[in-house]
4 protein chains.
Amino acid sequence: MKAAVAGASGYAGGELLRLLQAHPAIEIGALTAGSSAGGTLGEHQPHLPALAGRVLLDTTPEVLAGHDIVFLALPHGHSAAVAARLAELGEDPLIVDCGADFRLEDPAAWAGFYGGEHAGTWPYGLPELPGQREVLRGTRRIAVPGCYPTAATLAMFPAFAAGLAEPDVVVVAASGTSGAGRSPKPHLLGSEVMGSVGTYGVGGVHRHIPEMEQNLAKVAGAPVRVSFTPLLAPMSRGILATCTAPATPGLTAAALREAYAAALKDEPFLRLLPEGTWPATAMTLGANTAALQVTLDERAGRVVAVIAIDNLTKGTAGGAIQSANLALGLAEELGLPHNGVAP
Amino acid sequence: MKAAVAGASGYAGGELLRLLQAHPAIEIGALTAGSSAGGTLGEHQPHLPALAGRVLLDTTPEVLAGHDIVFLALPHGHSAAVAARLAELGEDPLIVDCGADFRLEDPAAWAGFYGGEHAGTWPYGLPELPGQREVLRGTRRIAVPGCYPTAATLAMFPAFAAGLAEPDVVVVAASGTSGAGRSPKPHLLGSEVMGSVGTYGVGGVHRHIPEMEQNLAKVAGAPVRVSFTPLLAPMSRGILATCTAPATPGLTAAALREAYAAALKDEPFLRLLPEGTWPATAMTLGANTAALQVTLDERAGRVVAVIAIDNLTKGTAGGAIQSANLALGLAEELGLPHNGVAP
Amino acid sequence: MKAAVAGASGYAGGELLRLLQAHPAIEIGALTAGSSAGGTLGEHQPHLPALAGRVLLDTTPEVLAGHDIVFLALPHGHSAAVAARLAELGEDPLIVDCGADFRLEDPAAWAGFYGGEHAGTWPYGLPELPGQREVLRGTRRIAVPGCYPTAATLAMFPAFAAGLAEPDVVVVAASGTSGAGRSPKPHLLGSEVMGSVGTYGVGGVHRHIPEMEQNLAKVAGAPVRVSFTPLLAPMSRGILATCTAPATPGLTAAALREAYAAALKDEPFLRLLPEGTWPATAMTLGANTAALQVTLDERAGRVVAVIAIDNLTKGTAGGAIQSANLALGLAEELGLPHNGVAP
Amino acid sequence: MKAAVAGASGYAGGELLRLLQAHPAIEIGALTAGSSAGGTLGEHQPHLPALAGRVLLDTTPEVLAGHDIVFLALPHGHSAAVAARLAELGEDPLIVDCGADFRLEDPAAWAGFYGGEHAGTWPYGLPELPGQREVLRGTRRIAVPGCYPTAATLAMFPAFAAGLAEPDVVVVAASGTSGAGRSPKPHLLGSEVMGSVGTYGVGGVHRHIPEMEQNLAKVAGAPVRVSFTPLLAPMSRGILATCTAPATPGLTAAALREAYAAALKDEPFLRLLPEGTWPATAMTLGANTAALQVTLDERAGRVVAVIAIDNLTKGTAGGAIQSANLALGLAEELGLPHNGVAP
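In this text, all values refer to a predicted model and were calculated from it rather than measured experimentally.

A. Region of interest: the overall build of chain A. Scanning chain A from terminus to terminus reveals 10 helices and 13 strands. Here the C-alpha radius of gyration of chain A, 19 Å, is about what a compact globule of 343 residues would show, namely 20 Å. C-alpha atoms of chain A, sized along the principal axes, occupy 60 × 45 × 40 Å. Scored against the burial criterion, the 343 residues of chain A give a buried share of 66%. Of the contacts formed within chain A by residues at least 6 apart in sequence, a portion of 72% connects residues at least 24 apart. Seen as two clouds, the 21 positive and the 30 negative side-chain charges of chain A have centres 3 Å apart.

Next up, the structure:
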């Protein structure tokens, strides 16, 4: 099977290519870019030597045609048009959208957080969400989750699936700077971010909030409210999310751990750490895995779950390929690394 | 006035010396250490050239005698004995304890979180806590607050003083590694912490929790519950604390901001950032200041306050000197930097 | 005395302001900027709270008029015009140019490395260069050295002054990213620089080469050839330069050390570390000092000198103020920090 | 084939295991450790989930017996005894020593730099060294090169093989902290290394010098002198080495580039970057590749070659497996990653 990657010069595109090169069932086809079109991939992704000479093409439907899979790693707002034009050309590849366009089900949430017209909803590419594997098997469209919602959902779904937490979640998540993309902005300069932790988008305004609420509400079977604060940490990759909600009355530490152990035991990429061990992003660097730990804070009456993922791997490109594997009828783990690169 | 510094080879001791050298009313006297005694300060604090040749003495009452001020930057559990032996020698210097021994008022809290016998309670060195300046003026004993409690208390006291938040606080705070001290442990190696954010002491077990609760309860006039999660971030200095609590019914964004503006307007070291600007630890690196921002998350119904401090300056050594200034009848800001070192 | 700072929104400008605020004989006057004019300083230098409300003015001669000192932290090529227009207005302030325009004496070197017309030569602001203090006392113009030339010259001048090294120097210097300025470029993004050391401008093309050669040739009394390789290191501040040249025949380790000790013993900001201790940039962070060490590699027959400075302090803004102090008849050390901020 | 890894709890051991898990022809057998024996691998290498439950055994010949390959990642001085005791047991596995014991050919060099008795010399595991592949094919013993010598040798061998440089080399190489190992020492604490570049072992004393000289002398057919300065950079992984030597008379830039292009063109893991592109360690993070660039500094009359490798991959564990592949008659590239993990 042949895959095109649109947006190959960005961070998500680069990670897709790194992983696809190691994928035994997928061959890399056309690479496209926006303003970088015309140059070679080597100018933008010098860590991928075998593809260094590949020329970046324009992101047109004609270039993307003729592939079995099209990965879109584009700025928000472009995916719907690309998909429509591919359909006009009579093409029906598996389209995997790493952008936000098709993640939300509620047009009002889209309007409130993104503005403009809602493009629609595609099957949500988080296989670990209860029932979601069935949705993804054989689909021709995938909306890849946001990196923060991937982390927060995976950290809290076992609690909500088992009815162990009240629907009033606080998420504080530290992310590496690659989550903010490759377009050069003053506050993302190395001089600014090294040696400093900062925050942004505080107070109910971050676009990943409705996505977290949508996921957890499905699991809980009732609305869930999320207060979310993102931190920018001095590292290139990784998300460490602390997620906490009031424990339901009578919850015991043993019951909480049991629920998490049960929910995660057959998940190939989710890993409940041994008791007493807490996640760090280095455990998952470059891997498609998530490292989790959960505890009951009996003094404060809260469930506290902490999760580490690599925002570019499990949080974007790896998650995209995991869902694509399901869509294509391949083994879910095919071509995806379990080991982190540490130290 | 002459000050001795016990524990001069550690990070808190080094920061005390850096600040004291710039203090116009304090002269640096004896420097003492534990296992490093006998060596020179230059071996441990090569960033302080003028003191490089100073020999580190043993931490004995005789060595600490004859000073107007004694700063103790010792491991927990040693301060009471040092103070007692100084008294036996007929000495009554201002003793400023950077350790935890005398911070807590409740012996049960001490027993639960630290174990062993409670040494007692000294005036708490956080001048910004309402009413605390009066307590500190002229005192001969100061218990310097912990770094995390400094951050969390300063972030939330305006909300509790004005009755704008429910007493159920979630604090997630990222700290630089210097907060963990200088004793070499595998998880503090550069190879482990660079490129990674991790967590530890999750779920109601961190020793700084009762201190946060004690402070906020005083301001609120009622018990306050704190859920606290510390993060270890890949930087040497700085704490960025996100603090959130349910808003009291009817709270408006304007009323919240007004309360913070009013509480902070005469504080020499606390700074409410302009609306839309969020704290980063780089703003306060090496400074005795705190940078704050607050917002009302109307969707989630929560007050969210974020604060940045330097854990070694405002969070330890700077805060210690600020309180000492009050105790000694000096201007509170004397010798303390307001500017951060950035980028 | 009142000082204007042109280029106040950049990194050099910010460091000038941080230091000037602590300077007892200089008051801060007008702040100017290029594209940031009209905004406040707080938007760009949030670590300087007392100046946060200051409005950035346009960089015009009228705005810069009426000051005793004008610090220029502008992109190369603008200083000559500013100086000329100030003279037309009848102004004769001390002008301290942090840019490259007036550093080189040889118009051919200027043409070869910078291109365009050579603006001229101003007294070179490196007081430690033998004989240079006399040149700087009372001058009305100062060309502040480049950061790398400051490091390389201070590391090697004692060897050349004493005739202990052959004039064939290799300099490899790692710099923090602030040396590359604040204008956002893709290769300076935090995501790119964290976790990575890279190089650039290799092979005799870096603009700081003729400046190093000019300085060392003066000391040696004969031409000196410099091979220079700059490294970009994952830190915001600091330069660590390794400088090596063949030892002259018969040189002994003791004679080499003696020469350095003698050359540095009265220098207020240069510090020869104890034998066996090697420089690290953290020793000088935020300080106007340089930490040096030198050794004789007897196997390879080479002098090896290593120096650490803060590129923004001793390497730019601190060095500028040090020379300005001399020009203004003030004590050379006035207002300049000797202590680094560590860890 | 089954491989044992002795020293599995350290950084080299962890990297061996990460790579061996992806190796299609090698199965992981016994894991051994020193003071960590008795614990599980997961306590030390939490980034390797599939091996987390493996118990670390004592490093005894009995435990290492019964394997086709034994990787030794031990402190220096232990390998000879382990090999001898395996022979006494009648075992003759391929032994791959990641330590220094068998790298040097000259007992006097061993005595001078390491002290004690010279254990002997094993085939040197750097396949790219001219003629070395033939030596490694079918061997039962491999001495894995040091990380710095790997970098310096690969950067300079094309110049010496073609007679383009004088035998007087200056190497300045910045390394990530993992090169210093996992044993906790104060100067390796995150608080010390973050935000700082330092140096150590300057002036002809670093143990990797005789190894560099041995390699380059073989290629040059005559003695080569190396001045080496190692830098400690604030990153976990990676070496960026700048290597320079006087150019032989008449050398042109074109001839230099041609020689490098010719020497590297069939090398599967060495990559000469396009002209104008310079190496950064991020290009090779986690990969077994080296990124090189070379130029002629005509002003200074020097060849300047710069190379980036991952010290743990190509510099240790990846290089070890590459040589083992040759020894075992497998394809040289088998199981070894070419892509870096970036950003």
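B. Structural context of the interface of chain D and chain A. Each side of the interface is counted separately: chain D has 24 residues, and chain A has 24 residues. Both faces considered, chain D and chain A share a buried interface measuring about 2000 Å² in area, 60% of it formed by carbon and sulfur atoms. Looking only at chain D, the three residues that lose the most surface to chain A are His47(D), Asn339(D) and Pro343(D), adding up to 31% of its buried area. Counting across the chain D and chain A interface gives 12 residue pairs in polar contact (both at pLDDT 80 or more). The element best represented in the side of chain D that touches chain A is helix α1 (residues 11-21) of chain D, accounting for 4 residues. Its residues assigned to classes, the side of chain D that touches chain A shows 12 nonpolar, 8 polar and 4 charged.

C. Spotlight on the relation of the copies chain D and chain A. In screw terms, the move from chain D to chain A is a rotation of 180° and a rise of 0.0 Å along the axis, fitting with an RMSD of 0.0 Å. Considering both components of the superposition, the chain copies are consistent with a two-fold axis. Considering only C-alpha atoms, the part of chain D nearest the rotation axis is Gly195(D), at 3.4 Å. Here 100% of the interface residues in chain D have copies in chain A that are interface residues too; the copies meet face to matching face.

D. Structural detail: the interface of chain A and chain B. Each partner contributes to the interface: chain A provides 45 residues, whereas chain B provides 45 residues. Between chain A and chain B, a total of about 3500 Å² is buried, with carbon and sulfur atoms accounting for 62% of that surface. For the chain A face of the interface with chain B, the top three residues by lost area are Val197(A), Val202(A) and Arg299(A), together amounting to 17%. In this assembly, chain A and chain B are joined by 4 salt bridges. Asp168(A) is the salt-bridge partner of Arg302(B), the closest N and O atoms lying 4.0 Å from each other. In this structure, the connection of chain A to chain B is made through 14 residue pairs in polar contact (both at pLDDT 80 or more). The set of elements that each furnish at least two residues to the side of chain A that touches chain B consists of β7 (168-175), α7 (190-193), β8 (198-199), α8 (209-220), β9 (225-232), β10 (239-246), β12 (290-297) and β13 (302-309) of chain A. Among the elements that make up the side of chain A that touches chain B, the one with the highest residue count is β9(A) (5 residues). Here the residues of the side of chain A that touches chain B sort into 23 nonpolar, 14 polar and 8 charged.

E. Layout of the pairing of strand β4 (residues 69-72) of chain A. Residues and elements named next belong to chain A. Neither face of β4 is open: one carries Ile-69 and Phe-71, the other Val-70 and Leu-72, and all of them are buried. With 4 bridges connecting them, β4 and strand β5 (residues 94-97) associate as parallel partners. Of the residues in β5, the one forming a bridge with Val-70 is Ile-95.

F. Up close: the side chain of Thr316(D). On the secondary structure map, Thr316(D) appears in helix α10 (residues 313-327). In contact with Thr316(D), other than residues within four places in its own chain, are Ala12(D), Cys98(D), Val144(D) and Asn311(D).

G. Local environment of the sheet that holds β4(A). All names here are of chain A. Taking strand neighbours across the sheet as the criterion, the 6 strands line up as β3-β2-β1-β4-β5-β6 in an open arrangement whose pairing is parallel. The two strands at the open ends of the sheet, each matched to only one other strand, are β3 (57-58) and β6 (141-143). Pairing of strand β1 (residues 2-6) with β4, which is carried by 4 bridges, proceeds in the parallel orientation. Its bridge partner being in β4, Val-5 is matched across the sheet by Phe-71. Of the strands in this sheet, β1, β2 (27-33) and β4 are in contact with helix α1 (residues 11-21), which crosses β1 at around 165°. Contacts between helix α10 (residues 313-327) and the sheet are confined to β4, β5 and β6, with β5 contributing the most and set at about 160° to the helix.

H. Expanded view of the packing of aromatic side chains. Residues and elements named next belong to chain B. Scanning the entire structure with this criterion turns up 12 aromatic pairs over all chains. With centroids separated by 3.8 Å and ring planes inclined at 0°, the aromatic side chains of Phe-102 and Trp-122 adopt a geometry described as stacked. With Phe-102 in the loop between β5 (94-97) and α4 (107-113) and Trp-122 in the loop between α4 and α5 (132-136), the pair connects residues that are 20 residues apart, well separated along the chain. Both residues of the pair, Phe-102 and Trp-122, count as buried. Ring geometry for Tyr-148 against Phe-228: centres 4.9 Å apart, planes inclined by 65°, an arrangement best described as edge-to-face. Remark: Phe-228 occurs in strand β9 (residues 225-232) and Tyr-148 occurs in helix α6 (residues 147-161); sequence separation between them is 80 residues. A cation over a ring is seen here: Arg-141 above Trp-122, with NZ or CZ 5.5 Å from the ring centre.

Conventions and cut-offs
Residues numbered from 1 in each chain as written. Chains lettered and ligands numbered in written order. Predicted model: local features only at pLDDT ≥ 70, side-chain atom pairs only at ≥ 80, totals over all residues. Heavy atoms only, no water. Helix = DSSP H or I, 4+ residues; strand = E, 2+ residues; numbered from the N terminus. Rg over C-alpha atoms; globule rule 2.2 N^0.38 Å. Buried < 20%, exposed > 50% of the residue type's maximum accessible area, 1.4 Å probe, protein only. Contact = heavy atoms within 4.5 Å. Lys, Arg positive; Asp, Glu negative; His and termini not counted. Charge placed at Lys NZ, Arg CZ, Asp CG, Glu CD. Buried area = accessible area lost by both parts, 1.4 Å probe. Polar contact = N/O pair within 3.5 Å; in protein donor to acceptor, adjacent residues only side chain to side chain. Nonpolar A, V, L, I, M, F, W, Y, C, P; charged D, E, K, R; others polar. Least-squares fit on C-alpha atoms with pLDDT ≥ 70 in both. Salt bridge = Lys/Arg side-chain N within 4 Å of Asp/Glu carboxyl O. Pairing = 2+ DSSP bridges. Axes fitted to C-alpha atoms, helices over the stretch in contact; angles between N-to-C directions. Phe/Tyr/Trp six-rings, centres within 6.5 Å; stacked < 30°, edge-to-face > 60°. Lys NZ or Arg CZ within 6 Å of the ring centre and 35° of its normal.

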